Amino acid sequence: MTEVRRAGAATAALWERDEEVATLTRAVDTLCADRSSPGLLLEARGEAGVGKTALLAETRRLAEARGCTVWSARGGETLKSVPFNVVRQLLQPALVSMLPEEAREYLGDWYGIAGPALGIADPGERQADPQGVYDGLVAVVRRLARREWPLVLLIDDAHWADQETLRWLAALAERLDETSLLIVFARRPGDVSGDSARHLDAAAAAGRPLAPLNALTPDATAGLTRATLGDHADAAFCREVWAVTGGNPYETVELLARVQDSELQPVEAEAAELRALNRTARGGGLVSRLEQLGVDSHRFAWAAAILGSGITVDMVARLATLDRADAARCAELLCEARILSAPDPSSGRPDGGDLEFVHPLIASAVYNSIPDALRTAMHGIAAQLVTDSGLGAAAASRHLLQVYPDDDQEVVDQLREAAREHLAVGAPDAARRCLERALQEPPLPDAHARVLFELGCATLLTAPATTIGHLRTALAMPGLDGEQRVDAVFRLSQALLHNDQLEEAVRTVEAEAARTPDPSARLRLQAAQFMWEGIHAGETSSPHRSARLVELAATCTGRDNAERALLILRGFDAMTHGESAEEVVELCDRALVNGRLAPGLGWTDTEWGLELLMMLASSYAYTDRLDRAEALFTEALRAYESAGWSGGHLALAHAYVGLGHRRRGRLREAEDSLRIAERVGRGLPLYWSATCNLIDTLLARGHVEEARVLADQYGFAPPYPSTIVLPDPRSVRGRLLLATGRTEEGINELEAAEKAAAVRGRHNPVVVPWATELARALATEDPGRAARLASDARDRAERFGTDTAIGEALRCAAALETGRRAVRLAAQAVTYLEASPCQYEHAAARVEYGILARSSEELNRGLALADSCGADGLVARAREALAAGHAGHVG
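Everything quoted here is computed from the prediction, not taken from an experiment.

Calculation criteria
- Residues numbered from 1 in each chain as written.
- Predicted model: local features only at pLDDT ≥ 70, side-chain atom pairs only at ≥ 80, totals over all residues.
- Heavy atoms only, no water.
- Helix = DSSP H or I, 4+ residues; strand = E, 2+ residues; numbered from the N terminus.
- Buried < 20%, exposed > 50% of the residue type's maximum accessible area, 1.4 Å probe, protein only.
- Contact = heavy atoms within 4.5 Å.
- Lys, Arg positive; Asp, Glu negative; His and termini not counted.
- Charge placed at Lys NZ, Arg CZ, Asp CG, Glu CD.
- Core = buried A, V, L, I, M, F, W, Y, C linked by side-chain atoms within 4.5 Å.
- Pairing = 2+ DSSP bridges.
- Axes fitted to C-alpha atoms, helices over the stretch in contact; angles between N-to-C directions.
- Left-handed = near helix turned anticlockwise from the far one by under 90°.
- Nonpolar A, V, L, I, M, F, W, Y, C, P; charged D, E, K, R; others polar.
- Patch = residues over 30% accessible without salt bridge, like charges linked within 9 Å, V, L, I, M, F, W, Y side chains within 5 Å.
- Areas by Shrake-Rupley, 256 points an atom, 1.4 Å probe, with all protein chains shown as cover.
- Salt bridge = Lys/Arg side-chain N within 4 Å of Asp/Glu carboxyl O.
- Right-handed = clockwise from strand over helix to strand, strands pointing away.
- Phe/Tyr/Trp six-rings, centres within 6.5 Å; stacked < 30°, edge-to-face > 60°.
- Lys NZ or Arg CZ within 6 Å of the ring centre and 35° of its normal.
- Disulfide = S-S within 2.5 Å.

Visitor: Can you tell me about the overall build of the protein chain, naming the residues and giving the values?
Guide: Counting its regular elements, the protein chain contains 44 helices and 7 strands. The dimensions of the protein chain, computed from C-alpha atoms along their principal axes, are 115 × 70 × 50 Å. Counting every position in the protein chain, which comprises 891 residues, the buried fraction comes to 57%. Taking all contacts inside the protein chain whose residues are at least 6 apart in sequence as the whole, residues at least 24 apart take part in 68%. Side-chain charges in the protein chain split into 95 positive and 126 negative, and the spacing between the mean points of these groups amounts to 4 Å.

Written out as C-alpha cells, the structure is:
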C-alpha cells in the first residue's frame, strides 16, 4: 500500500497518487530533455471528485518548475454547444497577446482559416471547410509548440468539451509524433456520446492512460483528516469521514472544511454529525446552504450558472436584476462559502470573467436547481444581454437554444445569423442546431422555406440524406422563387448524387426544368440533368441524350456559364463515347475564357459544383492534353488550400493530381497523391475513383500483391457505384484478377465490362480498356475472338485518334502475333507511344519491342524509361530479358 503522507488540505487529492505523479514527472522530464522528442498525450480518467483536477494542477506545478509554458482549459456542462470553446481557452491568450499584424504574419496562410475559429479574426462570408479548420488548428499548435517549447496543454473535464474541440484534439493526437508537446486531459468515464465520444476515444487511443483514479483508502482518509483538523482526530471519527464520503477526495475536502466552519470536534462523540454536514456540500444540501445565504445571493448564483463562462459581477447583476453594490456583496458571500472563486490567473482563460465556480460539481448542482420555467426565462434574458454587449449572434445562440419556442421572429433572425457565423468558422453541427431550433419557433410562412433551404445547405457535406428531406420540404412550400429555387433544386440533386441516388437526381432537375419558364434558369437545370446523366454508370438515361447535347452545344458560343457548362458536358460525352479527341479538345477549349476557367466556374464556386470541372479535367487527361489537365488539377489544389478546404475537396484534388501523374507515367508520385486522396470518404463515388486509380497504378508498378490486398481492404468489387468511375473499375479489377492468377474470374469481369460499356455506348479504349485486356487473356483459349477484339480496339483507337489509344491498340495486336509481323506492330506501337505524353505505356512498348526484336539497345532504353517511371515490374522484366540474351516472345 502507498505510504500515507502527512500533508496539507491543499494537496488532499494527491494522497495515494504517487504512481500517477511519477508518470507525469517523467513525461515533463522527457519533454524538457529534447526539443525534437515526440509529443505525448496522457489521459486521467475517474469519477467526479476523485482528484482529476488536482492531478492537472500538479502537472502545472511540475511543468512550471521545469520552465515549461503551461496553458489550460476546462469543459463546462452548459457550454458543450459552444463550438471551439475549449480550444479557444487554450490558444487564444497566446495569440491575442500578439499585435494583429504579428499574429497574421506568424500564422501565415492559416490565419484566415483557423483565426475565425479561435476568435482572433473576423469570419468571412463563405462557409468554411471543417477539415481545413481542424488542419489549421493543428498547424497553429505545432507552430506555437515550437515557439513556446517546452509547451504543456491541460484540459479538465474533457467529457464536457464541445464537439469541435474534441475533433481538433483527435486530429492533433494523430500528429503528436511530429510535435514536441505534452497534453494531459481529464475526463469522467461515460458522460459523453455520439461523435464527441468517438473523437474523445480516438484522442485517448493515441495517448497513454494514467493509472485508474480510485477513491482514497480508509488509511489515506484518516491521514488527510488529521492533516486538516489536527493529530487529535480520533480513529472512530476518521473512519466515519471515510464512510460518509466513500473516500471521494473532493467530498472529503469539502466535508472537512464544513467541520472546520462548524467548529465540530474530531472525536467519536461528534462523528454522528458528519452525515448532515456532508449533505450541505452537494445536491439538495448545497441548495439549502445557498438559501441560507439570502435571496439575493441565491439569485446571483443562479445567474452565474446560467452564464457559465465570462461571469462578471456587472453581467450577473443585470441578469439577476440586482444593483451593482448588492451584486458585489453577493459575490463576496459566495466566495466565502466556497461556491464561487476568482479565476486562477495562471490558467490564462480568455473568458473575461471575474468569477468562476469552485468546482464543476457545484456549477452543475446550482444550474440544475433552477426551476425549469425560470431557467428558460433567464436564458432568454442572457441572450439579450450577450447581444447587447456586442458579442454577436453566435455567442447568444447557446442561450437561445434553451428558450421555449414563442413565434418570435427576432429569435428566428438571430438564430439564422448565428448559423451563418458558425458555418463561417467551420462548425456546421452548431449551425444545424441553430436552424433546427429556428424552425421550432416557427418562422413566418414566407421565411419558412428559406430557413429549410439554409438548413439543407448547412448539412449538404455532412449529412446528404438529411439534406434531401430538408430541401424537398422547402421546395414544396411557398417562399423559394426564381434563382433561389433553382439553386435549391440544384443542391437537392447534388445531395441525391452524394447519397448514391443518381437516377432520382436526374429526375429532379428534369422535372423542374420542364416547369421553369425562365430560359436562363431552364438552361442551368438542363445542364445539371445532362451532367448527372453523363456520370451515371447504370442503364437509365434520357432518350437521345447525346443527340440532344450535340444539338444544344452546336448553338453555344460560350457567352455565359450555362453555355460553357453545356460545352463541357458535350466534350465529356464525346470523350467517353470515343469520338474524335480533336473535337473533344475543341469543345472543351471553347468552354474556357482565354484558356482559363470563367468567373463563377472556379473550383470553390458553388453554383455549378465541382463535378463539371472534374469532367473538363478528365476530358483533357484522356485526350492526351495533359498540360491542360494538369493546369486544372494544380489550380484545384491551390484553390482548395487557399480556401482552407482540406477535407474531401482537397482529397479529391489530390486524386486528380494522382490521375495526372498516372497518365504521365510518374507512378511513384501517382501512388503518393492517390494515398492522400483516401480522405475523400470511404463509400462515396469519388472514393471509388481514387481507389480504382490507386489499384491501376500499383498494377502498372508491378506491385500486384499490394494491389490485391488494397482491393480486399477497400471492398473493390461489385456492386459498383451508380456514378461513372474513371478509369473503368471492371476493366481494372479484371486486370487485377488476371494478374493474381484468377483467370476465369478475370475474363468474366472483363466480359461484364464489355456489356456495361455497350449499354452506355462508352467505347473509349483508353478509359474502358476491357477489349485489349480481354484479347490478351483469350489469346491461347480463343485466338479467333482475341483477334477480333484486338481489331475492334484498333478501329476504336483510330476513331478516337490519340497517340496513346493507337499505340496501346498496336501493343495488343503485337502481343497476339508472332514473327516479323509482331515485330513490325511493336515498332509501330513504339512510334505512336513515343509521341504520346504517357511514359509508362511508352516504356512498356520499348521493352516489348526490344524482346521481340532481340535488341539490347531497345531493352536498355525501355529499362531506363521504366525505372524513371517507377515501374518495378517492367524493370524486372527488362533485366530478365537482358540477362537471358533478350530472347523470347512478348505475350
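Next, the rest of the story.
Visitor: Give a detailed account of the nonpolar core, specifying residues and quantitative values.
Guide: Counting 136 residues, the largest nonpolar core has Trp532, Leu566, Leu569, Trp603 and Trp770 as the members making the most contacts within it. Apart from the residues lying within four places of it in its own chain, the contact partners of Leu569 are Ala527, Phe530, Met531, Leu549, Leu612 and Met615. In this structure, Ala128, Leu176, Ile183 and Ala204 belong to the second largest nonpolar core, which totals 49 residues.

Visitor: So what about the sheet that holds strand E5 (residues 208–209)? Which residues, and what values?
Guide: Spatial ordering of the open sheet is given by E2-E3-E4-E1-E5, a layout of 5 strands whose pairing is parallel. Looking at which strands have only one partner, the edges of the open sheet turn out to be strand E2 (69–74) and E5. Pairing of strand E3 (residues 151–156) with strand E4 (residues 182–187) involves 4 bridges; the strand directions are parallel. The residue of E4 that forms the bridge with Val152 is Leu182.

Visitor: Describe the environment of Ala793, with residues and values.
Guide: Take Ala793: it is sitting in helix H39 (residues 783–800). With 519 residues separating them along the chain, Ala793 and Leu274 place their C-alpha atoms 92 Å apart.

Visitor: Can you explain the environment of Gly39? Please cite residues and give values.
Guide: Note on placement: Gly39 falls in the loop between helix H1 (18–33) and strand E1 (40–45). On a C-alpha basis, the gap between Gly39 and Leu151 in space is 10.0 Å, while along the polypeptide they are 112 residues apart. Apart from residues no more than four positions distant in its own chain, Gly39 is found in contact with Leu176, Thr179, Ser180 and Leu181.

Visitor: Give me the lowdown on the packing of helix H9 (residues 218–229) against helix H11 (residues 249–262), citing residues and values where you can.
Guide: Contact geometry of H9 with H11 gives a least axis separation of 10 Å together with a crossing angle of 35°. Both H9 and H11 take part in a crossing whose hand is right-handed. For the pair H9 and H11, contact is made by Thr221, Leu224, Thr225, Thr228 and Leu229 and by Thr252, Leu256, Val259 and Gln260, respectively. Here the contact of H9 with H11 is built from residues that sort into 4 nonpolar, 5 polar and no charged.

Visitor: Before we move on, could you go through a negative patch on the surface and cite the residues and values that matter?
Guide: There is a patch of like negative charges on the surface, built from Asp406, Asp407, Asp408, Glu410 and Asp413. Locating Asp408 in the fold gives a position in the loop between helix H19 (393–400) and helix H20 (409–424). A relative accessible area of 31% means that Asp408 is categorised as partly exposed.

Visitor: Residue-level account of the side chain of Thr576, with values.
Guide: Position of Thr576 among the secondary structure elements: in helix H28 (residues 561–577). Excluding its chain neighbours within four sequence positions, the residues that come into contact with Thr576 are Ile724, Gly761, Arg762, His763 and Asn764.

Visitor: Could you give me a rundown of the pattern of salt bridges, with the residues and numbers involved?
Guide: Within the structure shown, the criterion is met by 61 salt bridges. For Arg142, the salt bridge identified is with Glu178, shortest N-O distance 3.1 Å. In this pair, Arg142 is assigned in helix H6 (residues 130–147) and Glu178 in the loop between helix H7 (163–174) and E4, connecting sequence segments 36 residues apart. By relative accessible area, which is 47% here, Glu178 ends up partly exposed. Here Arg175 and Glu178 are joined by a salt bridge, their closest N and O atoms 3.1 Å apart. Within the structure, one salt-bridge network assembled from shared partners comprises Arg662, Asp696, Arg735, Glu773 and Glu841.

Visitor: Give me the lowdown on the pairing of E4, citing residues and values where you can.
Guide: Regular strands place their side chains on alternate faces of the sheet. In terms of burial, E4 is a largely internal element, 6 of the 6 residues being buried. Here E4 shows a buried face lined by Leu182, Val184 and Ala186 and a second buried face lined by Ile183, Phe185 and Arg187. The pairing of E1 with E4 spans 6 bridges and is classified as parallel. Looking at the pairing, Leu40 lines up with Leu182 of E4. A crossover connection joins E3 to the parallel E4 through H7; in handedness this β-α-β unit is right-handed.

Visitor: Break down the packing of aromatic side chains for me, with residues and values.
Guide: A full pass over the atoms with the stated rule returns 6 aromatic pairs. Judged by centre distance (6.0 Å) and plane angle (25°), the ring pair of Phe490 and Trp532 falls under stacked. Taken as a pair, Phe490 in helix H24 (residues 482–498) and Trp532 in helix H26 (residues 519–534) lie far apart in primary sequence, 42 residues in all. Here Trp603 and Tyr640 contribute two aromatic rings whose centre-to-centre distance is 6.3 Å and whose plane-to-plane angle is 75°, an arrangement assigned as edge-to-face. With a gap of 37 residues between them, Trp603 in the loop between helix H29 (581–590) and helix H30 (610–621) and Tyr640 in helix H31 (residues 626–643) connect regions that are remote in the sequence. These aromatic residues form a ring-pair network of at least three members: Trp688, Phe716 and Tyr720. In this arrangement the basic side chain of Arg147 is found over the ring face of Tyr106, its NZ or CZ atom lying 5.2 Å from the centre. Here the basic side chain of Arg524 rests over the ring of Phe490, its NZ or CZ set 4.8 Å away from the ring centre.

Visitor: Before we move on, can you summarise the state of the cysteines with the specific residues and values?
Guide: Here the structure, examined in full by the defined rule, presents 0 disulfides. With no disulfide of its own, Cys692 lies 16 Å from the sulfur of Cys838, the closest cysteine sulfur. No disulfide involves Cys812; its nearest neighbouring cysteine sulfur is the one of Cys838, lying 17 Å away.

Visitor: Describe in detail the pairing of E3, supporting the description with residues and values.
Guide: A large share of E3 lies buried, amounting to 6 of its 6 residues. Residues Leu151, Leu153 and Ile155 of E3 are buried on one face, and the alternating residues Val152, Leu154 and Asp156, pointing to the opposite face, are buried as well. In the sheet, E2 pairs with E3 via 6 bridges, with the strands oriented parallel. Counted as the bridge partner of Ser72 is Leu154 from E3.

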